[in-house]
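Residue strings, one per chain:
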Amino acid sequence: MSESPHTADVLKGFGTTIFSEMSALAAATGAINLGQGFPNYDGPREVLDRAVAEIRSGNNQYPPGIGMSDLREAIAQHQMRFWNLTYDSETEVLVTAGATEALAGALLGLLNDGDEVVVFEPMYDSYMACIAMARARAVPVLLRPQNDGRYVFDVGKLRNAISPRTRAILLNTPHNPTGTVFTRAELETIASLAREHDLVVISDEVYEHLVFDDAHHIPIATLDGMRERTITISSGGKTFNTTGWKIGWACAPSPLLTAVRTAKQFLTYVNGAPFQPAIAVGLSLPDSYFTEISDDLRHKRDVLLTGLEKAGFTTYKPEGTYFVTADIRPVDPDGDGLAFCRRLPHTHGVVAIPNGVFYSPEHAHEGHYLVRFAFCKTFDLLERAVERLCVGVA
Ligand code: PMP
Ligand code: GLN
């Protein structure tokens, strides 16, 4: 999709999402798609069966605006079971069209013209576009790799990013694309600034269950004084391998949730009636399901990491999510991630995403030589991709 003269000023420069471009390239070339983050395997049987049964039994009309009660209750129980967070399923839980709509609802529902939102970059690509659509301003704070490869923020820079116009901090943990899982100390720093400046925190936790090794996911709403100022967002897509269903949610105290809901009702109004009770079934699965998905993904991560290193890339080991960031400079001295990703499907039959797109234009150079590979794929597919990449990617 090229830019059109009809496009509204606030959307100029956003063009086509990289995910559409790269998945179209994968389809056109038949390359292995390690770009867009979606699994090439299905979610749990019980979840799929429930969706089929719901369709067959006639749950095919508009669900309630706030979401079906089974799902809202399952979300509230999930927040309690895993994170010890209490939400009233009648007034503090909202079902949305994926986490994407919850994010859009939060940003459009809360922000006024000229408000500022502090965002950590690299960042998921819808953040900048939604902040722009709200006619607000994104103020990016860079995450940069330390010597051990873990991406972290500079506390001084975070503090300096906050101004009298700041309305919210937009956080994503576990973090796409770097794989950082924010530590308690990092979250305490963010929380203390939010409390000091009376800011709302919008916390995107879609990868909450995809965490490895010694990392632990901590919802920022669990920290002192934070529940009342946090909108916690997640979705069933990542946890139940159902990215195409687009069932997401937001949890927040009623005054904050009302602002999100006011915007959300005029975006899609509602979506996915038969999928809502199915995701409720997923959220109610035993703890073992959630442990098994992260164990399985940790093995997949290790296969991809080892393979990428063997192919000559420098990699950044993710603590969570299903993405690995890799530095292409050892295999491609030009170090142009976008050109590399556009070439790779043709030369090696593999698709990746250039990390440059996850940065604001002024910091695009930070991600220029980085690319992201997804490992939510069956072992055979990962192994085939690695074999292809090992045949000299330069
Ligand atoms: N946030 C992040 C960080 C993501 O990676 C994604 C990926 N899909 C989303 C939000 C959107 O989630 P959904 O598909 O549920 O809209
Ligand atoms: N969240 C997924 C990713 O980062 C997919 C995003 C999308 O297709 N919009 O790859």
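Being a predicted model, the structure only gives us computed values, none of them experimental.

Caption draft 1: Representation of the sheet that holds strand β8 (residues 230-235) in the model. Taken in spatial order, the eight strands make up an open sheet running β2-β9-β8-β7-β6-β3-β4-β5, and their pairing is mixed. Here the strands that pair on one side only, and so sit at the sheet edges, are β2 (93-97) and β5 (151-153). Looking at each pair of strands side by side, their axes are set apart by 25 degrees on average, direction ignored. Of the strand pairs in this sheet, strand β6 (residues 166-172) and strand β7 (residues 200-204) are connected by five bridges, and their pairing is parallel. From the neighbouring strand, Ala168 faces β7, where its bridge partner is Val200. Contacts between helix α3 (residues 69-83) and the sheet are confined to β2, β8 and β9 (247-251), with β2 contributing the most and set at about 115 degrees to the helix. This element, helix α7 (residues 184-196), spans β3 (116-121), β5, β6 and β7 of the sheet and lies at about 30 degrees to β5.

Caption draft 2: Seen up close, the packing of aromatic side chains. Taken as a whole and assessed by the stated rule, the structure comprises 20 aromatic pairs. Ring centres of Tyr207 and Phe323 lie 5.8 Å apart, and the angle between their planes is 80 degrees; on these two criteria the pair is classed as edge-to-face. You can see Tyr207 sitting in the loop between β7 and β8 and its partner Phe323 sitting in strand β11 (residues 323-327), a full 116 residues away along the chain. The interplanar angle of 50 degrees and the centroid separation of 6.1 Å between the aromatic rings of Phe212 and Phe375 together place this pair among those described as tilted. With Phe212 in the loop between β7 and β8 and Phe375 in the loop between β14 (370-374) and α13 (379-390), the pair connects residues that are 163 residues apart, well separated along the chain. An identical accessibility class is assigned to Phe212 and Phe375; each is buried. Each residue in the set Phe82, Trp83, Phe240, Tyr289 and Phe290 is aromatic and connected to the rest through ring pairs, giving one cluster. For the cation-ring pair, Arg329 lies above Tyr369, with the distance from its terminal atom to the ring centre recorded as 3.5 Å. Arg372 extends its terminal NZ or CZ atom over the ring of Phe323, reaching a point 3.5 Å from the ring centre.

Caption draft 3: Examining unusual backbone geometry more closely. A cis amide bond links Glu121 with the next residue in sequence, Pro122, at an omega value of 10 degrees. Mapped onto the secondary structure, Pro122 falls in the loop between β3 and α5 (126-133). Pro177 follows Asn176 through a cis peptide bond whose omega is 10 degrees. Looking at the element boundaries, Pro177 is found in the loop between β6 and α7. Of note in this structure, Asn84 is not a glycine but carries a positive phi near 60 degrees. Looking at where Asn84 falls in the secondary structure, it is placed in the loop between α3 and β2. Taking the relative accessible area as the measure of exposure, Asn84 reaches 60% and is therefore exposed. A positive phi angle, near 55 degrees, is found at Arg135, a position not held by glycine.

Caption draft 4: Layout of the site of ligand 1. Around ligand 1, 13 residues are found, and the nearest of them are Thr100, Asp204, Tyr207, Lys238 and Lys246. The side chain of Thr100 places a nitrogen or oxygen atom 2.6 Å from an oxygen atom of ligand 1. The side chain of Ser235 places a nitrogen or oxygen atom 2.8 Å from an oxygen atom of ligand 1. When isolated, ligand 1 has an accessible area of 390 Å², and the protein chains bury 93% of it. Among the elements that line the shell around ligand 1, the one with the most residues is helix α4 (residues 98-110), at three residues. In the shell around ligand 1, the residues fall into five nonpolar, five polar and three charged.

Caption draft 5: Expanded view of the sheet that holds β11. With antiparallel pairing, the four strands of this open sheet are ordered in space as β10-β11-β14-β13. Unpaired on one side and paired on the other, β10 (314-316) and β13 (353-354) mark the two borders of the sheet. Relative to β14, β11 runs antiparallel, the two sharing five bridges. Residue pairing in the sheet places Thr325 in a bridge with Arg372 of β14.

What counts, and at which threshold
Residues numbered from 1 in each chain as written. Chains lettered and ligands numbered in written order. Predicted model: local features only at pLDDT ≥ 70, side-chain atom pairs only at ≥ 80, totals over all residues. Heavy atoms only, no water. Pairing = 2+ DSSP bridges. Helix = DSSP H or I, 4+ residues; strand = E, 2+ residues; numbered from the N terminus. Axes fitted to C-alpha atoms, helices over the stretch in contact; angles between N-to-C directions. Contact = heavy atoms within 4.5 Å. Phe/Tyr/Trp six-rings, centres within 6.5 Å; stacked < 30°, edge-to-face > 60°. Buried < 20%, exposed > 50% of the residue type's maximum accessible area, 1.4 Å probe, protein only. Lys NZ or Arg CZ within 6 Å of the ring centre and 35° of its normal. Near = heavy atom within 4 Å. Polar contact = N/O pair within 3.5 Å; in protein donor to acceptor, adjacent residues only side chain to side chain. Areas by Shrake-Rupley, 256 points an atom, 1.4 Å probe, with all protein chains shown as cover. Nonpolar A, V, L, I, M, F, W, Y, C, P; charged D, E, K, R; others polar.

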